[in-house]
Amino acid sequence: MKKLLLPSVACLASLTGCALPRLDAHTTLFGSETPIGFASEVRYYSADWHSLESRVSEKIEQVRNASPDGKISVLALSGGGAGGAYGAGALVGLTRRGERPEFQVVTGVSTGALIAPFAFLGPDWDPQLTEAFSGAHTDHFLRAHWIMGLFRPGVYDNAPLKAVVDRYITPDLLRAVAREAARGRLLEVATTDLDKEETVVWDMGAIAARGDESARQLFRDVLLASASVPGVFRPVLLHVKQGKSTYDEMHVDGATTVPFIGAPESMFWSPLQLADLKGGRIFVLVNGQLASAPHTTQFRTVPVLARSFGAATKHMTRMELATTAGFAQLHGMDLEFTAIPADYPPVSSLDFRPATMRSLFEYGASCAEQGRLWTTLEQAAARADKAAAQWQHTAPASRVLAVPECPRDDSAVPPTARERDLNLARGE
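Predicted model, so just to flag it, every value in this text is computed and none were measured.

### A closer look at the overall build of the protein chain
In terms of regular secondary structure, the protein chain is built from 14 helices and 12 strands. Counting all 428 residues of the protein chain, 52% fall into the buried class. Counting only contacts in the protein chain whose residues sit at least 6 apart along the sequence, the fraction spanning at least 24 positions is 80%. If you sum the accessible surface of the protein chain, you get close to 19600 Å²; carbon and sulfur atoms cover 56% of it.

### Thoughts on the state of the cysteines
Two cysteines form a disulfide when their sulfur atoms are joined by a covalent bond. Applying the stated criterion to the full structure yields one disulfide. Paired by a disulfide, C367 and C406 hold their sulfur atoms 2.2 Å apart. A torsion of -85° about the S-S bond marks the disulfide between C367 and C406 as left-handed. One end of the pair, C367, is in helix α12 (residues 354–369); the other, C406, is in the loop between α13 (377–392) and α14 (417–426), with 39 residues separating them in the sequence. Assigned by exposure class, C367 and C406 land together as buried.

### Details of the pairing of strand β6 (residues 186–193)
For β6, a buried count of eight out of eight residues is recorded, marking the element as mostly surrounded by other parts of the structure. Residues L186, E188, A190 and T192 of β6 are buried on one face, and the alternating residues L187, V189, T191 and D193, pointing to the opposite face, are buried as well. In the sheet, strand β4 (residues 105–109) pairs with β6 via five bridges, with the strands oriented parallel. Looking at β6, one finds that G108 is bridged to V189. Linking β6 back to strand β7 (residues 198–203) in an antiparallel pair, the connection comprises four residues, with E197 at a positive phi of about 55°. Taken together, the three bridges between β6 and strand β10 (residues 245–253) define a ladder with antiparallel strand orientation. Note that in β10 the partner of T192 across the bridge is V252.

### Quick word on the confidence of the model for the protein chain
Close inspection of predicted coordinates is inappropriate for parts of the model with low pLDDT. Chain-level statistics for the protein chain give a pLDDT mean of 84 and a share of 82% at 70 or above. Note that residues 1–17 has pLDDT below 50 and, in this model, seven contacts with residues that lie over four places away or in other chains.

### Side note on the layout of surface pockets
Volume-wise, the largest pocket comes out at about 960 Å³. P346, V347, S348, S349 and D351 are, among the 40 residues lining the largest pocket, the residues nearest its centre. At the level of secondary structure, the elements contributing two or more residues to the lining of the largest pocket comprise β11 (281–289), α11 (301–330) and α12. Tallying contributions element by element places α11 first for the lining of the largest pocket, with 10 residues. Looking at the lining of the largest pocket residue by residue, the class counts come to 14 nonpolar, 20 polar and six charged.

### Some words on the nonpolar core
Judged by nonpolar contacts, the single largest core of 107 residues is most densely connected at L75, I207 and F219. No other element matches helix α4 (residues 111–121), which puts eight residues into this core. Not counting chain neighbours up to four residues away, the residues in contact with F219 comprise P117, I169, L173, L174, V177, L187, M204, I207 and A208.

### Side note on unusual backbone geometry
Most peptide bonds are trans, and most residues other than glycine sit at a negative phi. Within the chain, S110 stands out as a residue other than glycine whose phi angle is a positive 60°. With respect to the helices, strands and loops of the structure, S110 is situated in the loop between β4 and α4. A positive phi angle is found at E197, which is not glycine, with a value near 55°. With respect to the secondary-structure elements, E197 resides in the loop between β6 and β7.

### With respect to the packing of helix α3 (residues 84–97) against α4
How two helices sit against one another is set out by the angle between their axes and by the gap between those axes. Viewed as axis vectors pointing N to C, α3 and α4 meet at an angle of 15°, and their least axial separation amounts to 9 Å. Classed by the angle they form, the pair α3 and α4 counts as roughly parallel. Here α3 and α4 pass one another in a crossing that is right-handed. Between α3 and α4, the residues in contact are G84, G87, A88 and L91 and T111, I115 and A119, respectively. Along the lines of polarity and charge, the residues of the contact of α3 with α4 split into four nonpolar, three polar and no charged.

What counts and how
Residues numbered from 1 in each chain as written. Predicted model: local features only at pLDDT ≥ 70, side-chain atom pairs only at ≥ 80, totals over all residues. Heavy atoms only, no water. Helix = DSSP H or I, 4+ residues; strand = E, 2+ residues; numbered from the N terminus. Buried < 20%, exposed > 50% of the residue type's maximum accessible area, 1.4 Å probe, protein only. Contact = heavy atoms within 4.5 Å. Areas by Shrake-Rupley, 256 points an atom, 1.4 Å probe, with all protein chains shown as cover. Disulfide = S-S within 2.5 Å. Pairing = 2+ DSSP bridges. pLDDT = per-residue confidence, 0-100. 1 Å grid on protein atoms, 1.4 Å probe; cavity = no way out; pocket = protein on both sides within 12 Å on 5 of 7 lines; lining within 4 Å. Points joined across faces, edges and corners; volume = space filled by probe spheres on them. Nonpolar A, V, L, I, M, F, W, Y, C, P; charged D, E, K, R; others polar. Core = buried A, V, L, I, M, F, W, Y, C linked by side-chain atoms within 4.5 Å. Axes fitted to C-alpha atoms, helices over the stretch in contact; angles between N-to-C directions. Parallel < 35°, antiparallel > 145°, perpendicular 65-115°, else oblique. Left-handed = near helix turned anticlockwise from the far one by under 90°.

This is how it looks when you write it as structure tokens:
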């Protein structure tokens, strides 16, 4: 026991002596450094307009060619921690209903990044998606190392999360992603470069195309970084090179800077005329709530971390939805989204208990299977107003925490003409 305590005592005596070693980061904001052994095409910085401008037209053309009708469908998967079980269930439910589109572009942030490869590969990978997000492997995610957590940048050991990610990122998955990318489809995942405080978007198909073990490891590490909530899980150091010099980059949860990627940041103020996007559709799958009933926060580290991160995510997501809606309208695209409704029992991003995960998974699957998954901003706002009015007139102890209706609530807002046409076509 004394031997085990000695390192901790030594660390307490010298707080600066126990930091994990790392190389310095590159000093330019948007440099040309790349992961060792990989070309620059595997990633770009979301705010780097010059880098994006050189690739956007080519990528849009490739993606359109991968679409049967030339119209682009984008699936944007948000962060949300344990709320990812909802999004995973929703995709499985769409498969059961027979209405799962083949998305030409799939993007993922945080827990959405972990879902993204399975969403990209389609229904054949639903068994793996179900196993990963229905709670069978998540109960041990929050394994604390409290003493060492004083000196390492994360309260919880990220080894359990890394082991789960490593379990599913197999050579077979990489080959499947590479095949779909070769058709022109695009799989992108966001991390946050903490040294530069900027969003990095990774082309996972370009990484997978390399096909060797180094590609599998980078693919895995990008997903792990995207899901590593700062202060909760340890950041991921990625080794990069520019010329003959090597550097370390510290990457954390993509949701630190962006809740989801409907389009790269710089495209929102781009002068490019993106006519090829007209007629396309953006589906935003929010793995969390945009509002939730007020309740007392426990005076402990984990609840404070979870509520703080949840509050930031809610507000960022609402703003990003509004921005994405404006982008879609400007370029003639339709926008639909889904989120865990405000009147669902409060969802903690760090509640990885199997029962919680299974409940969220089955709720998402059931709503999708019923055709009540996707909603509009107008319907969501009306639903939130209705929930807020109920909270206003009921005491917390008497609020019923039964599972609510699905996100699509036709009683809240009359259906649009387009929705009525779709309902008639389905015989609903």
